[in-house]
Amino acid sequence: MTKLSSTPDPLDLLTEWARAGLPCALATVTSTWGSSPRPAGSMMAVCANGRIEGSVSGGCVEGAVIEEATTVMRTGKPAALSYGVSSDDAWAVGLACGGLLDVYVAAISTPTHPQGTLPLSMLETVAEKRRARVPVIMATELATGACRLLYDNVAPATPTDLEGRLAARAREVFETGRSLRLEDEAGQAIWFLHLVPMPPRLLIVGAVHIAQVLAPMAQSTGFSVTVIDPRTQLATPERFPGITLDTDWPDEALERLGIDNQTAIVTLTHDTKLDDPTLQYTLGSEAFYIGALGSRKTQASRVARLHESGFAADQIARIHGPVGLAIGAVGAAEIALSILAEIVAVRHNKPLGRVSGWA
């Protein structure tokens, strides 16, 4: 199996910078309203050496946040920032498009820079959990910057006290998949519950020509990509540079890799020996997207086989087949584009057109 080359990630880079002894800070969107371009939970890493990664507004207020982060890194005191049309400096920072944006900036605490409020050890734990694809919340008390990690086994014991309300809010975050704030009786935010995002993952079954285009395309949009194919003459690093390759049979590979609700799966082989076991395994999983290449005739035959295997109609209906959006795609590159566009649309719950079927 070859090693995945992932895109830069703010939390991973923060950990790297902090381990190297560099002052650094994490800026996180805690609330938005209106046309703010980035949702709550969006992150930007800022390093004292001038490097940044990530975004809190798509470019509107980054400069102002970086300036504030410089102060936070120096003093260690976290900063709660607000930008929007109601601010005197709305035009100056560039968010005069009708949105409101709250950003929280915290410095990383390390042995060489202990004044920060976000411990390096916590970032390391989060990185470990993300590698294991374990959902985790970074909960921050906004007044002090105190942090703790919450996991999806949290259960409120006394919902009326603060700990119980915090646990109940955490349960809501895990269930909805959205970072949220806990407010006091006066409506003031007192905690921010940041659901640390696992990278969306695309598992492609079939090291075929379309996969050669789809894999790097998906990787460039933030997906962690693995191509699965036991045909070792096809699944080679030369054909898939920088992409993780798995040469086990698909059902065995999927069992080992595990499928969570941030996983999309596409079969591209046109080979029932590979496609059918993949679909049979994934139909009972939490995958947010299941797609299968083929014409309408191929899909009809596939559906019939799955019915014969005992799968119910509502299970089979999860399959996007023929796979991809109806954009009139011709050739491997355009078909790959239509597939990735459909995966993104489904992930964001934005239903779009269907394909007419690939041969």
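Analysis parameters
Residues numbered from 1 in each chain as written. Predicted model: local features only at pLDDT ≥ 70, side-chain atom pairs only at ≥ 80, totals over all residues. Heavy atoms only, no water. Helix = DSSP H or I, 4+ residues; strand = E, 2+ residues; numbered from the N terminus. Buried < 20%, exposed > 50% of the residue type's maximum accessible area, 1.4 Å probe, protein only. Contact = heavy atoms within 4.5 Å. Areas by Shrake-Rupley, 256 points an atom, 1.4 Å probe, with all protein chains shown as cover. Core = buried A, V, L, I, M, F, W, Y, C linked by side-chain atoms within 4.5 Å. Polar contact = N/O pair within 3.5 Å; in protein donor to acceptor, adjacent residues only side chain to side chain. Arc of directions from axis to C-beta. Pairing = 2+ DSSP bridges. Axes fitted to C-alpha atoms, helices over the stretch in contact; angles between N-to-C directions. Salt bridge = Lys/Arg side-chain N within 4 Å of Asp/Glu carboxyl O.

For the protein, the name recorded in an unreviewed UniProt entry is Xanthine dehydrogenase, with Komagataeibacter sucrofermentans as its organism.

(A) Here's a closer look at the overall build of the protein. Within the protein, the secondary structure is distributed over 11 helices and 16 strands. In the protein, buried positions account for 47% of the 359 residues. Counting only contacts in the protein whose residues sit at least 6 apart along the sequence, the fraction spanning at least 24 positions is 59%. Counting every atom, the protein has about 16400 Å² of accessible surface; 53% of that belongs to carbon and sulfur.

(B) Geometry of the nonpolar core. Residues Leu202, Ile204, Ile210, Leu268, Ile339 and Ile343 are the most contacted members of the largest nonpolar core, which totals 30 residues. With residues near it in sequence (within four places) discarded, isoleucine 210 still touches Leu268, Leu293, Ala332, Ile335, Ala336 and Ile339. Judged by nonpolar contacts, the second largest core, of 23 residues, contains Leu26, Tyr104, Val126 and Leu142.

(C) Expanded view of the environment of alanine 300. Along the chain, alanine 300 falls in helix 9 (residues 296–308). Each C-alpha atom, one on alanine 300 and one on proline 322, is 9.6 Å from the other, the two residues being 22 residues apart in sequence.

(D) Structural context of the side chain of aspartate 246. You can see aspartate 246 is positioned in strand 13 (residues 244–246). Looking at aspartate 246, its side chain comes within polar contact range of the main-chain nitrogen of aspartate 248, at 3.0 Å. Engagement of the side chain of aspartate 246 in a polar contact is seen with the side chain of arginine 256, the distance being 2.6 Å.

(E) Seen up close, helix 7 (residues 250–257). Burial in helix 7 covers these residues: Pro250, Ala253 and Leu254. For helix 7, the arc enclosing every buried residue in end-on projection is 95 degrees, short of the 170-degree limit, so these residues lie on one face. Packing partners of the buried residues in helix 7 comprise strand 11 (201–205), strand 12 (224–228), strand 13 and helix 8 (272–282).

(F) Up close: the sheet that holds strand 14 (residues 263–267). Read across the sheet, 6 strands follow the order 13-12-11-14-15-16 without closing on themselves; strand pairing throughout is parallel. The sheet terminates laterally at strand 13 and strand 16 (319–320), the two strands that pair on one side only. Pairing geometry for strand 12 and strand 13, over 3 bridges, is parallel. Across the sheet, threonine 226 pairs through a bridge with threonine 244, a residue of strand 13. Where helix 6 (residues 209–220) meets the sheet, it contacts strand 11 and strand 12, and its direction lies at approximately 175 degrees from that of strand 11. Across the sheet, helix 8 touches strand 11, strand 14, strand 15 (289–292) and strand 16, and the angle it forms with strand 14 is around 155 degrees.

(G) Region of the structure containing the pattern of salt bridges. One pass over the structure, following the stated rule, counts 14 salt bridges. Between arginine 169 and glutamate 172 there is a salt bridge, with its nearest N and O atoms 2.6 Å apart. With arginine 169 and glutamate 172 both in helix 5 (residues 162–176), this residue pair falls 3 residues apart, about one helical turn. Within the structure, one salt-bridge network assembled from shared partners comprises Asp9, Asp12 and Arg130.

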